[in-house]
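Architecture at a glance
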Amino acid sequence: MLYLELKNVSKNYDGKNKIIKDISLGIKKGEFIVIVGPSGCGKSTLLRMVAGLEDISDGDIVIDKAVVNNISPADRDIAMVFQNYALYPHMNVLKNLSYGLKNRKISKDEIEKRVVSISKLLQIEELLHRKPSELSGGQKQRVAMGRAIIRKPKLFLFDEPLSNLDAKLRHQMRIEIRKLHDKLGITSVYVTHDQVEAMTLADRIIILNGGKIEQIGTPKEIYENPNSIFVSKFMGTPPMNIIKAKVKNSTIEIGDISIDLKNSYNEEYIHVGIRAEDISLSDFNNSIKLRVDIDMIEHLGSESFIYSTIENNPIIVKSSEFIETKEDKLDIYINTKKLYFFSDKEGKIL
Amino acid sequence: MKKVQFNNRFIPYLFILPQISIIAIFFLWPSAMAVYYSFILEDAFGISSEFVWFENYKSVLLDSDYIASLGFTLIFSVLVTFFSLAIGLFLAYKTDKSIKQKGLYRGLFMWPYAIAPAVVGLMASFFFSQSNGDLYNFLNYLGWEFEPKSDPLSAQIMLIFVASWKQISVNFIFFLSGLQAIPKSIIEASLIDCKSSIKRFWTIIFPLLSPTTFFLLITNIVYAFFDTFGLIDTTTRGAPMGETKTLAYKIYQDGFLGADIGGSSAQSVLLMIFILVLTIFQFKYLEKKVHY
């Protein structure tokens, strides 16, 4: 049973400038969906169209079996958490929480009951009489979440809610958001440009690129079976290494080694993908050796990243050892079972 | 804040000297003179003068003309401030919400700002002229016996109308920039929280505009008290029988035309005290409701 449905949704300004191009997707009740993509891919616009803050140029948006195209944001029964929190600066936390309920003519007793339980849940009981200007970033974030949760909406919309927080707090809030979702089970759509947030929060990830859906899938599916170069490079830190190689009679040549292709392929070039963790510095089964030029080594303590190149293709190698070398060349071993092949023209998986 | 150290301790005073001298020459000195003259009774030819303590104040406060002028000034200021603020806010809100031709509206509503009060008065006297004024004809055509030259109420309404019209553009500019300073996401959050746009305006937008409104309230009251002088001087000159004389205009008439230096000085000191008290009151009580 689909709870939120987008049917051939498009968005353009003045008839040209297509920002969202014919997007269709369905979200089940209770699902946590993360829409991820680079800046300018239209992910925020898409979310705002669901919220009713942007018009829909074409197509239908259906929430709980009702087409909401022409329904005002207040009547869609959605709640949104904004990037800069958007708390009402002239109201204290209590009034911020209850404003939406008061306008929906919910009884005073009920409002009070909900405020008590929400402020307990989010641990903001002591802040109820403070103004937003007297709160820290993390506290504002909690209040913004509270203002959304207290409404008990059909749908939660998150517009990059964590991007104004520092790294540590972001990590903490990320975990809390997921816990809250597991507790409350409200269908959520979460927009971010941060692939780590997408991987850790989502039941399913939607990757958006240039106003189109690039791929939909669970984090595991997306990571293990990216269907394009774009997805493979976007998900995962560091991004997947892509080597452009020449094809000769269904074998490809990288440096002085050659790899056989399973299927025939009739373009001149092919893109070979390999993740940093599938490269090792020592020999193992099913591996082939490549000799690369070292550019730089980065030590993070628990692991090291070796930035290198082969035939002008950058390759990043992840190692759990502390690598120190004076040489400018290095032998690396890549796992031939973990290779991905992408077409040259479209960048799609083969 | 960075603290700057000067080698010579007189240098800071040198820097504020221009500002201090402007205040001294154009405010402190004339104010002191006004206070001084308000205690002096001079004969009509300026030959002899006598120190009379509060005699001038007493005669001013006992003068029924002065009380009438005070009454008119209060009503005039309240109405001009109210109408120019309300209409300025309304136009700014509508302009801010409009998607097409925003720039055109903005430009058109800002134009009157560039017109000097005396010119506004001159234009008004054309529009309301008995001989062939368009608004005069129109109002009379509607069946209202509108006679600003002879009927006090007509004259007062005309002044309030023109004085408000002049000030709307200033308020419009400030309100528009105030509206544009409200973060878009707050407006959007309120769109989700509240369906009624009227309620949204009063619960979210109006409170967030309060610093602008407060500033404009004070400047508009000061405008109505003082800056409408040129307007009155070019239209009614206090006519028909002094019913359109504001306190500032009465000071000018009594002092410069009536040569009653002592009396008009006493009036100007009273006006100064009145505005001072009013402003202190506004800062003390109204500012608490302002959210910066």
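Summarised in this report is the structure supplied together with it. (Residues numbered from 1 in each chain as written. Chains lettered and ligands numbered in written order. Predicted model: local features only at pLDDT ≥ 70, side-chain atom pairs only at ≥ 80, totals over all residues. Heavy atoms only, no water.)

**Notes on the side chain of B:Ser169**
All names here are of chain B. You can see Ser 169 is positioned in helix H7 (residues 152-180). Assessed through its relative accessible area of 1%, Ser 169 is described here as buried. A distance of 3.1 Å separates the side chain of Ser 169 from the backbone nitrogen of Tyr 113, its partner in a polar contact. Excluding residues that lie within four positions of it along the chain, Ser 169 makes contacts with Phe 109, Met 110, Pro 112 and Tyr 113. (Helix = DSSP H or I, 4+ residues; strand = E, 2+ residues; numbered from the N terminus. Buried < 20%, exposed > 50% of the residue type's maximum accessible area, 1.4 Å probe, protein only. Polar contact = N/O pair within 3.5 Å; in protein donor to acceptor, adjacent residues only side chain to side chain. Contact = heavy atoms within 4.5 Å.)

**Some details on the pairing of strand S12 (residues 251-254) of chain A**
Residue and element names in this part refer to chain A. Pairing geometry for strand S11 (residues 241-248) and S12, over three bridges, is antiparallel. Paired with Lys 246 across the bridge in S12 is Glu 253. Between S11 and S12, which follow one another and run antiparallel, lie two residues, and Asn 249 among them has a positive phi close to 50°. Across four bridges, S12 lies against strand S13 (residues 257-260) in antiparallel orientation. Looking across to S13, one finds that Ile 254 is bridged to Ile 257. (Pairing = 2+ DSSP bridges.)

**As for the nonpolar core**
Counting 69 residues, the largest nonpolar core has A:Leu4, A:Leu6, A:Ile35, A:Ile61, A:Met80 and A:Leu157 as the members making the most contacts within it. Ranked by residue count, the leading element in this core is helix H3 (residues 64-97) of chain B, at six residues. Core analysis: the second largest hydrophobic core is formed by 42 residues, A:Leu122, A:Ile149, A:Leu165 and A:Ile186 among them. (Core = buried A, V, L, I, M, F, W, Y, C linked by side-chain atoms within 4.5 Å.)

**Focus on the interface of chain B and chain A**
At the interface, 18 residues of chain B touch 24 residues of chain A. The contact between chain B and chain A buries some 1,700 Å² in all, and 60% of this surface belongs to carbon and sulfur atoms. It is B:Glu188, B:Ile192 and B:Asp193 in chain B that bury the most area against chain A; as a group they hold 38% of the surface buried on that side. Counting across the interface, chain B meets chain A through three salt bridges. (Buried area = accessible area lost by both parts, 1.4 Å probe. Salt bridge = Lys/Arg side-chain N within 4 Å of Asp/Glu carboxyl O.)

**A few points about the sheet that holds strand S6 (residues 78-81) of chain A**
Residue and element names in this part refer to chain A. Reading across from one edge, S6-S7-S8-S3-S9-S10 is the order of the six strands in this open sheet, with mixed pairing throughout. Among the strands making up the open sheet, the edge pair consists of S6 and strand S10 (212-217). This sheet shows a mean twist of 20° between the axes of neighbouring strands, independent of strand direction. Looking at chain direction, strand S3 (residues 32-36) and strand S9 (residues 204-209) are connected through four bridges and run parallel. Paired with Ile 33 across the bridge in S9 is Arg 204. Along the sheet, helix H5 (residues 167-184) makes contact with S3, strand S7 (155-159) and strand S8 (187-192), crossing S3 at roughly 145°. (Axes fitted to C-alpha atoms, helices over the stretch in contact; angles between N-to-C directions.)

Shape descriptors only; they carry no functional weight alone.
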